[in-house]
Amino acid sequence: MSEAVEILVVAPLMPFLMDALRGQYTVHDRLHVSDPAAFAAVAPRIRAVVANGEAKVPRELIAQLPALEMISVFGVGYDGVDVPAAHERNIPVTNTPEVLNDDVADLALGLLLSIARRIPQADRFVRDGEWLKGPIPLARKVAGSRLGIVGIGRIGQAIAHRALAFNMEVAYTARSPRAGLPYTYHADAKSLAAAVDFLVVITPGGAATRGMINAEVLQALGPQGYLVNVARGTVVDQPALVEALKAGVIAGAALDVFIDEPNVPPELRAMPNVVLTPHIGSGTRQTREAMAKLTFDNLLAHFAGQPLLTPVDA
Ligand code: 8YV
(Lines give C-alpha, C1' and ligand atoms only; values in the text may rest on other atoms or scores of the structure.)
Protein backbone atom coordinates (compact mmCIF):
# COMPACT_ATOMS: atom_id res chain seq x y z
CA MET A 1 0.00 0.00 0.00
CA SER A 2 1.30 3.46 -0.81
CA GLU A 3 2.03 5.86 2.04
CA ALA A 4 -0.92 7.96 3.18
CA VAL A 5 -0.98 11.54 1.94
CA GLU A 6 -0.06 13.97 4.73
CA ILE A 7 -2.29 16.97 5.30
CA LEU A 8 -2.30 19.93 7.67
CA VAL A 9 -5.54 21.03 9.33
CA VAL A 10 -5.24 24.69 10.37
CA ALA A 11 -8.51 25.19 12.26
CA PRO A 12 -10.78 23.32 14.65
CA LEU A 13 -13.02 21.22 12.40
CA MET A 14 -16.25 19.30 12.96
CA PRO A 15 -15.61 15.77 14.34
CA PHE A 16 -17.35 14.18 11.35
CA LEU A 17 -14.95 15.95 8.98
CA MET A 18 -11.92 15.08 11.12
CA ASP A 19 -13.00 11.42 11.19
CA ALA A 20 -13.34 11.35 7.41
CA LEU A 21 -9.94 13.02 6.96
CA ARG A 22 -8.25 10.64 9.41
CA GLY A 23 -9.74 7.68 7.57
CA GLN A 24 -8.04 8.74 4.36
CA TYR A 25 -4.95 10.79 5.24
CA THR A 26 -2.27 11.30 7.85
CA VAL A 27 -3.63 14.38 9.57
CA HIS A 28 -1.49 16.96 11.37
CA ASP A 29 -4.01 18.91 13.40
CA ARG A 30 -2.80 22.49 13.92
CA LEU A 31 0.73 21.22 14.46
CA HIS A 32 2.16 24.50 13.13
CA VAL A 33 0.68 26.21 16.21
CA SER A 34 1.01 23.51 18.87
CA ASP A 35 4.53 22.24 18.06
CA PRO A 36 6.48 24.32 15.52
CA ALA A 37 9.56 22.07 15.77
CA ALA A 38 7.55 18.93 14.96
CA PHE A 39 5.78 20.86 12.23
CA ALA A 40 9.11 21.87 10.65
CA ALA A 41 9.96 18.17 10.39
CA VAL A 42 6.73 17.20 8.59
CA ALA A 43 6.19 20.42 6.59
CA PRO A 44 8.14 19.18 3.52
CA ARG A 45 5.68 16.27 3.19
CA ILE A 46 2.40 18.21 3.59
CA ARG A 47 0.42 17.99 0.34
CA ALA A 48 -2.86 19.63 1.36
CA VAL A 49 -4.12 22.18 3.86
CA VAL A 50 -7.67 22.07 5.23
CA ALA A 51 -9.03 25.32 6.68
CA ASN A 52 -12.38 26.73 7.74
CA GLY A 53 -14.02 30.05 6.94
CA GLU A 54 -12.33 31.86 9.81
CA ALA A 55 -8.85 30.34 9.50
CA LYS A 56 -5.72 32.06 8.26
CA VAL A 57 -3.59 30.53 5.53
CA PRO A 58 -1.08 33.32 4.92
CA ARG A 59 1.68 33.51 2.34
CA GLU A 60 4.27 32.63 5.03
CA LEU A 61 2.56 29.32 5.80
CA ILE A 62 2.19 28.45 2.12
CA ALA A 63 5.91 29.21 1.67
CA GLN A 64 6.75 26.70 4.42
CA LEU A 65 5.03 23.91 2.47
CA PRO A 66 7.10 23.08 -0.63
CA ALA A 67 4.98 20.00 -1.51
CA LEU A 68 1.63 21.75 -1.09
CA GLU A 69 -0.83 20.84 -3.87
CA MET A 70 -4.18 22.18 -2.68
CA ILE A 71 -6.06 24.12 0.00
CA SER A 72 -9.57 22.96 0.84
CA VAL A 73 -11.71 25.42 2.82
CA PHE A 74 -14.67 24.27 4.93
CA GLY A 75 -16.71 27.43 4.34
CA VAL A 76 -17.84 29.65 1.50
CA GLY A 77 -15.64 32.55 2.64
CA TYR A 78 -11.93 32.18 1.93
CA ASP A 79 -10.78 35.64 2.93
CA GLY A 80 -8.32 34.10 5.41
CA VAL A 81 -6.45 32.33 2.60
CA ASP A 82 -3.84 34.20 0.57
CA VAL A 83 -5.30 32.99 -2.72
CA PRO A 84 -2.85 34.96 -4.93
CA ALA A 85 0.08 33.35 -3.05
CA ALA A 86 -1.44 29.91 -3.65
CA HIS A 87 -2.25 30.54 -7.29
CA GLU A 88 1.28 31.83 -7.97
CA ARG A 89 2.37 28.27 -7.28
CA ASN A 90 -0.62 26.78 -9.14
CA ILE A 91 -2.03 25.53 -5.87
CA PRO A 92 -5.83 25.46 -6.23
CA VAL A 93 -8.12 26.62 -3.42
CA THR A 94 -11.60 25.14 -2.97
CA ASN A 95 -14.52 26.32 -0.82
CA THR A 96 -18.08 25.18 -0.05
CA PRO A 97 -20.48 27.42 -1.98
CA GLU A 98 -24.24 26.82 -2.46
CA VAL A 99 -24.76 24.20 0.27
CA LEU A 100 -25.01 26.86 2.99
CA ASN A 101 -27.06 29.49 1.11
CA ASP A 102 -30.36 28.55 2.76
CA ASP A 103 -29.00 28.45 6.28
CA VAL A 104 -27.21 31.78 6.11
CA ALA A 105 -30.23 33.43 4.49
CA ASP A 106 -32.51 31.89 7.12
CA LEU A 107 -30.31 33.27 9.87
CA ALA A 108 -30.23 36.72 8.25
CA LEU A 109 -34.03 36.86 8.25
CA GLY A 110 -34.14 35.33 11.73
CA LEU A 111 -31.82 38.03 13.05
CA LEU A 112 -33.76 40.74 11.23
CA LEU A 113 -37.02 39.55 12.76
CA SER A 114 -35.35 39.13 16.14
CA ILE A 115 -34.03 42.67 16.31
CA ALA A 116 -37.17 44.26 14.82
CA ARG A 117 -39.63 42.34 16.98
CA ARG A 118 -37.19 42.14 19.91
CA ILE A 119 -37.76 38.40 20.23
CA PRO A 120 -34.74 37.60 22.48
CA GLN A 121 -35.60 40.62 24.64
CA ALA A 122 -39.23 39.49 24.83
CA ASP A 123 -38.09 36.01 25.85
CA ARG A 124 -36.03 37.49 28.69
CA PHE A 125 -39.00 39.71 29.62
CA VAL A 126 -41.17 36.65 30.21
CA ARG A 127 -38.45 34.62 31.97
CA ASP A 128 -37.59 37.50 34.30
CA GLY A 129 -41.22 37.94 35.38
CA GLU A 130 -41.40 41.42 33.87
CA TRP A 131 -44.69 40.58 32.16
CA LEU A 132 -46.35 40.41 35.56
CA LYS A 133 -45.53 44.10 35.99
CA GLY A 134 -46.93 45.29 32.67
CA PRO A 135 -46.68 45.02 28.88
CA ILE A 136 -43.46 45.06 26.87
CA PRO A 137 -42.80 48.18 24.73
CA LEU A 138 -43.96 48.04 21.12
CA ALA A 139 -41.57 46.81 18.40
CA ARG A 140 -40.83 47.60 14.71
CA LYS A 141 -43.05 46.24 11.92
CA VAL A 142 -41.18 44.28 9.27
CA ALA A 143 -43.80 43.87 6.52
CA GLY A 144 -43.78 46.89 4.22
CA SER A 145 -40.32 47.98 5.39
CA ARG A 146 -37.29 48.52 3.16
CA LEU A 147 -34.39 46.06 3.09
CA GLY A 148 -30.94 46.93 1.76
CA ILE A 149 -28.59 44.05 0.99
CA VAL A 150 -24.86 44.69 0.85
CA GLY A 151 -23.63 42.01 -1.56
CA ILE A 152 -26.02 40.28 -3.94
CA GLY A 153 -24.24 37.00 -4.57
CA ARG A 154 -25.85 33.62 -4.03
CA ILE A 155 -26.64 34.21 -0.35
CA GLY A 156 -27.69 37.83 -0.90
CA GLN A 157 -30.21 36.64 -3.48
CA ALA A 158 -31.51 33.96 -1.10
CA ILE A 159 -32.03 36.70 1.51
CA ALA A 160 -33.86 38.88 -1.04
CA HIS A 161 -36.08 35.96 -2.00
CA ARG A 162 -37.09 35.41 1.62
CA ALA A 163 -37.60 39.13 2.24
CA LEU A 164 -40.11 39.29 -0.62
CA ALA A 165 -42.20 36.70 1.22
CA PHE A 166 -42.20 39.08 4.19
CA ASN A 167 -43.49 41.85 1.91
CA MET A 168 -40.31 43.86 2.19
CA GLU A 169 -39.05 46.17 -0.53
CA VAL A 170 -35.59 45.07 -1.61
CA ALA A 171 -32.62 47.15 -2.77
CA TYR A 172 -28.93 46.26 -2.91
CA THR A 173 -25.41 47.43 -3.48
CA ALA A 174 -22.64 45.53 -5.20
CA ARG A 175 -19.60 46.49 -7.29
CA SER A 176 -21.90 46.78 -10.32
CA PRO A 177 -25.61 46.28 -11.04
CA ARG A 178 -26.61 42.65 -11.52
CA ALA A 179 -28.47 42.13 -14.78
CA GLY A 180 -31.83 40.44 -14.41
CA LEU A 181 -32.46 41.28 -10.76
CA PRO A 182 -35.71 43.12 -10.01
CA TYR A 183 -34.21 45.10 -7.08
CA THR A 184 -33.10 48.73 -6.93
CA TYR A 185 -29.34 49.15 -7.30
CA HIS A 186 -27.29 51.63 -5.26
CA ALA A 187 -23.69 52.42 -6.19
CA ASP A 188 -22.45 52.33 -2.59
CA ALA A 189 -23.36 51.28 0.94
CA LYS A 190 -23.97 54.85 2.10
CA SER A 191 -26.58 55.56 -0.55
CA LEU A 192 -28.22 52.18 0.13
CA ALA A 193 -28.22 52.76 3.91
CA ALA A 194 -29.93 56.13 3.45
CA ALA A 195 -32.74 54.46 1.50
CA VAL A 196 -33.62 51.53 3.79
CA ASP A 197 -34.84 50.51 7.25
CA PHE A 198 -32.75 47.34 7.54
CA LEU A 199 -29.23 46.98 6.16
CA VAL A 200 -28.10 43.35 5.84
CA VAL A 201 -24.42 42.71 5.17
CA ILE A 202 -23.56 39.57 3.17
CA THR A 203 -20.51 40.55 1.13
CA PRO A 204 -17.20 38.63 1.24
CA GLY A 205 -14.60 39.68 3.81
CA GLY A 206 -11.03 40.62 2.96
CA ALA A 207 -9.18 43.81 2.09
CA ALA A 208 -11.73 45.04 -0.48
CA THR A 209 -14.57 45.30 2.03
CA ARG A 210 -12.68 46.04 5.27
CA GLY A 211 -14.50 48.69 7.30
CA MET A 212 -17.01 49.28 4.47
CA ILE A 213 -19.84 49.81 6.97
CA ASN A 214 -18.27 52.81 8.68
CA ALA A 215 -19.53 55.74 10.77
CA GLU A 216 -20.80 57.55 7.67
CA VAL A 217 -22.83 54.57 6.48
CA LEU A 218 -24.32 54.13 9.97
CA GLN A 219 -25.18 57.83 10.04
CA ALA A 220 -26.97 57.35 6.71
CA LEU A 221 -28.89 54.34 8.07
CA GLY A 222 -30.18 56.65 10.77
CA PRO A 223 -31.93 56.48 14.14
CA GLN A 224 -34.77 54.27 12.84
CA GLY A 225 -32.41 51.93 10.99
CA TYR A 226 -31.11 48.47 11.92
CA LEU A 227 -27.90 46.71 10.89
CA VAL A 228 -27.69 42.93 10.42
CA ASN A 229 -24.28 41.32 9.74
CA VAL A 230 -23.99 37.70 8.63
CA ALA A 231 -20.84 38.19 6.53
CA ARG A 232 -17.53 38.87 8.26
CA GLY A 233 -16.78 41.05 11.27
CA THR A 234 -14.17 42.89 9.21
CA VAL A 235 -16.80 44.40 6.89
CA VAL A 236 -18.15 46.55 9.73
CA ASP A 237 -16.06 49.15 11.58
CA GLN A 238 -16.87 47.59 14.96
CA PRO A 239 -15.74 50.50 17.20
CA ALA A 240 -17.79 52.87 15.00
CA LEU A 241 -20.78 50.55 15.36
CA VAL A 242 -20.47 50.49 19.15
CA GLU A 243 -20.36 54.29 19.16
CA ALA A 244 -23.36 54.53 16.81
CA LEU A 245 -25.41 52.19 18.99
CA LYS A 246 -24.47 54.07 22.16
CA ALA A 247 -25.34 57.44 20.68
CA GLY A 248 -28.60 56.34 19.05
CA VAL A 249 -27.18 56.99 15.57
CA ILE A 250 -28.89 53.72 14.55
CA ALA A 251 -31.79 51.90 16.26
CA GLY A 252 -30.13 48.53 16.75
CA ALA A 253 -28.00 45.73 15.35
CA ALA A 254 -28.12 41.97 15.03
CA LEU A 255 -24.69 40.42 14.58
CA ASP A 256 -23.50 36.90 13.85
CA VAL A 257 -19.88 37.85 13.15
CA PHE A 258 -17.27 39.95 14.91
CA ILE A 259 -13.78 41.30 14.37
CA ASP A 260 -12.02 39.06 16.92
CA GLU A 261 -14.19 35.97 17.43
CA PRO A 262 -15.03 34.61 19.95
CA ASN A 263 -14.34 37.92 21.71
CA VAL A 264 -17.30 40.30 21.65
CA PRO A 265 -16.80 43.75 23.19
CA PRO A 266 -18.43 43.94 26.65
CA GLU A 267 -20.13 47.16 25.58
CA LEU A 268 -21.98 45.33 22.79
CA ARG A 269 -22.90 42.49 25.14
CA ALA A 270 -24.45 44.93 27.58
CA MET A 271 -26.61 46.78 25.05
CA PRO A 272 -30.36 46.15 25.05
CA ASN A 273 -30.85 47.06 21.38
CA VAL A 274 -28.53 44.36 20.07
CA VAL A 275 -28.98 40.66 19.22
CA LEU A 276 -25.80 38.57 19.19
CA THR A 277 -25.18 35.05 17.84
CA PRO A 278 -21.87 33.10 17.80
CA HIS A 279 -21.14 32.80 14.03
CA ILE A 280 -23.86 30.23 13.37
CA GLY A 281 -24.85 31.21 9.81
CA SER A 282 -24.11 27.72 8.48
CA GLY A 283 -24.52 26.04 11.85
CA THR A 284 -27.04 23.28 11.28
CA ARG A 285 -26.10 19.61 11.29
CA GLN A 286 -27.46 19.12 7.79
CA THR A 287 -25.52 22.01 6.28
CA ARG A 288 -22.28 21.40 8.16
CA GLU A 289 -22.39 17.77 6.98
CA ALA A 290 -22.90 18.91 3.39
CA MET A 291 -19.99 21.36 3.77
CA ALA A 292 -17.82 18.60 5.24
CA LYS A 293 -18.65 16.31 2.33
CA LEU A 294 -17.74 18.99 -0.21
CA THR A 295 -14.50 19.83 1.62
CA PHE A 296 -13.59 16.13 1.65
CA ASP A 297 -14.74 15.41 -1.90
CA ASN A 298 -12.59 18.24 -3.25
CA LEU A 299 -9.55 16.60 -1.62
CA LEU A 300 -10.52 13.18 -2.95
CA ALA A 301 -10.98 14.59 -6.45
CA HIS A 302 -7.59 16.27 -6.36
CA PHE A 303 -5.68 13.21 -5.18
CA ALA A 304 -7.54 11.04 -7.71
CA GLY A 305 -6.50 13.40 -10.51
CA GLN A 306 -10.12 14.40 -11.12
CA PRO A 307 -11.42 17.95 -11.70
CA LEU A 308 -12.12 19.86 -8.47
CA LEU A 309 -15.79 20.29 -7.59
CA THR A 310 -15.71 23.88 -6.37
CA PRO A 311 -12.43 25.70 -7.07
CA VAL A 312 -12.12 29.38 -6.20
CA ASP A 313 -11.07 31.35 -9.23
CA ALA A 314 -10.15 34.80 -7.97
C1 8YV B 1 -17.58 28.87 8.69
C2 8YV B 1 -18.28 30.67 7.28
O3 8YV B 1 -16.79 28.36 7.72
O4 8YV B 1 -18.79 29.63 5.24
C5 8YV B 1 -18.22 30.55 5.80
O6 8YV B 1 -17.58 31.40 5.19
O7 8YV B 1 -17.94 31.65 7.84
C8 8YV B 1 -18.78 29.57 8.10
O9 8YV B 1 -19.61 28.69 7.43
C10 8YV B 1 -18.01 27.83 9.62
O11 8YV B 1 -18.37 28.47 10.78
C12 8YV B 1 -16.95 26.82 9.93
O13 8YV B 1 -15.96 27.36 10.69
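Right above here is the structure, for reference.
In short, a report on the structure. Remember, predicted model here, so these are calculated numbers, not experimental data.

Some thoughts on the sheet that holds strand β12 (residues 274–276)
One open sheet accounts for seven strands, arranged β8-β7-β6-β9-β10-β11-β12; its pairing is parallel. In this open sheet, the two strands that pair with only one neighbour each are β8 (184–186) and β12. In this sheet, neighbouring strand axes are inclined to one another by 20° on average, regardless of whether the strands run parallel or antiparallel. In the packing of helix α8 (residues 154–165) onto the sheet, the strands contacted are β6 (146–150), β7 (169–173) and β9 (198–201), and the crossing angle to β6 comes to about 170°.

Some thoughts on empty space enclosed by the protein
Throughout the structure, instances matching the rule amount to one cavity of 30 Å³ or more. Counted as a void, the largest cavity has a volume near 50 Å³. Along its surface, the largest cavity is lined by N229, G233, V236, Q238, L241, L255, V257 and F258. Its residues assigned to classes, the lining of the largest cavity comprises five nonpolar, three polar and no charged.

Section: the pairing of β7
Most of β7 sits out of view: four of its five residues are buried. For β6 and β7, the ladder comprises five bridges, and the chain directions are parallel. Across the sheet, R146 pairs through a bridge with E169, a residue of β7. Crossover connection from β6 via α8 to parallel β7: handedness right-handed.

Observations concerning the layout of surface pockets
Empty space among the atoms becomes visible once a probe the size of a water molecule is rolled across them. The space that makes up the second largest pocket amounts to roughly 360 Å³. What lines the second largest pocket is a set of 17 residues, among which E54, K56, D79, T234 and I259 lie closest to the centre. Its residues assigned to classes, the lining of the second largest pocket shows four nonpolar, six polar and seven charged.

Here we look at the packing of helix α1 (residues 15–24) against helix α13 (residues 285–303)
In the contact formed by α1 and α13, the axes pass within 9 Å of each other and the chain directions differ by 20°. Overall, the two elements α1 and α13 adopt an arrangement that is roughly parallel. Considering how the two elements wind past one another, α1 and α13 form a crossing that is right-handed. Judged by residue contacts, F16, L17, A20, L21 and Q24 of α1 engage R285, R288, E289, A292, T295, F296, L299 and L300 from α13. Class assignment for the residues of the contact of α1 with α13 results in eight nonpolar, two polar and three charged.

Quick notes on the environment of H32
Here H32 shows up in helix α2 (residues 31–34). Sequence-distant contacts of H32, that is, excluding residues within four places in its chain, are made with L8, V9, V10, F39 and L61.

Description of helix α6 (residues 101–117)
Here α6 contains 17 residues, and its C-alpha end-to-end distance of 24 Å stays within 8% of the 24 Å for a straight helix at 1.5 Å per residue. Counting buried residues in α6 gives twelve out of 17 residues, a clear majority hidden from the surface. Residues N101, D103, V104, A105, L107, A108, L109, L111, L112, S114, I115 and A116 constitute the buried set of α6. Just beyond α6, the residue with positive phi is R118, at close to 55°.

Things to note about the pattern of salt bridges
Evaluated as defined, the whole model comprises 18 salt bridges. Taking the shortest distance from any N to any O, the salt bridge between D79 and R232 comes out at 3.0 Å. One end of the pair, D79, is in the loop between β4 (70–74) and α5 (83–88); the other, R232, is in the loop between β10 (226–229) and α11 (238–246), and 153 residues separate them in sequence. For R232, a relative accessible area of 14% puts it in the buried group.

Examining the nonpolar core
Of all hydrophobic cores here, the largest spans 48 residues; its most connected members are L21, L147, I149, I159 and V230. By residue number, the principal contributor to this core is α6, which donates nine residues. Counting 28 residues, the second largest nonpolar core, distinct from the first, contains L192, I213, L221 and V274.

Quick word on the site of the ligand
Near the ligand there are 13 residues, and of these E54, V76, G77, H279 and S282 occur at the shortest range. Contact between the ligand and E54: an oxygen atom at 2.6 Å from a side-chain N or O atom of the residue. Class assignment of the residues belonging to the shell around the ligand gives a composition of four nonpolar, six polar and three charged.

Points about the environment of M18
Here M18 is to be found in helix α1. A relative accessible area of 7% means that M18 is categorised as buried. In this structure M18 touches V9, L13, V27 and D29, once residues within four positions along its chain are discounted.

Focus on unusual backbone geometry
Here the residue pair E261 and P262 is connected by a cis peptide bond, since its omega of 5° sits within 30 degrees of zero. A positive phi angle, close to 55°, is found at R118, a residue other than glycine. Structurally, R118 is set in the loop between α6 and α7 (119–127). Judged by its relative accessible area of 27%, R118 falls in the partly exposed class.

Rules and cut-offs
Residues numbered from 1 in each chain as written. Predicted model: local features only at pLDDT ≥ 70, side-chain atom pairs only at ≥ 80, totals over all residues. Heavy atoms only, no water. Pairing = 2+ DSSP bridges. Helix = DSSP H or I, 4+ residues; strand = E, 2+ residues; numbered from the N terminus. Axes fitted to C-alpha atoms, helices over the stretch in contact; angles between N-to-C directions. Contact = heavy atoms within 4.5 Å. 1 Å grid on protein atoms, 1.4 Å probe; cavity = no way out; pocket = protein on both sides within 12 Å on 5 of 7 lines; lining within 4 Å. Points joined across faces, edges and corners; volume = space filled by probe spheres on them. Nonpolar A, V, L, I, M, F, W, Y, C, P; charged D, E, K, R; others polar. Buried < 20%, exposed > 50% of the residue type's maximum accessible area, 1.4 Å probe, protein only. Right-handed = clockwise from strand over helix to strand, strands pointing away. Parallel < 35°, antiparallel > 145°, perpendicular 65-115°, else oblique. Left-handed = near helix turned anticlockwise from the far one by under 90°. Expected span 1.5 Å × (residues − 1). Salt bridge = Lys/Arg side-chain N within 4 Å of Asp/Glu carboxyl O. Core = buried A, V, L, I, M, F, W, Y, C linked by side-chain atoms within 4.5 Å. Near = heavy atom within 4 Å. Polar contact = N/O pair within 3.5 Å; in protein donor to acceptor, adjacent residues only side chain to side chain.

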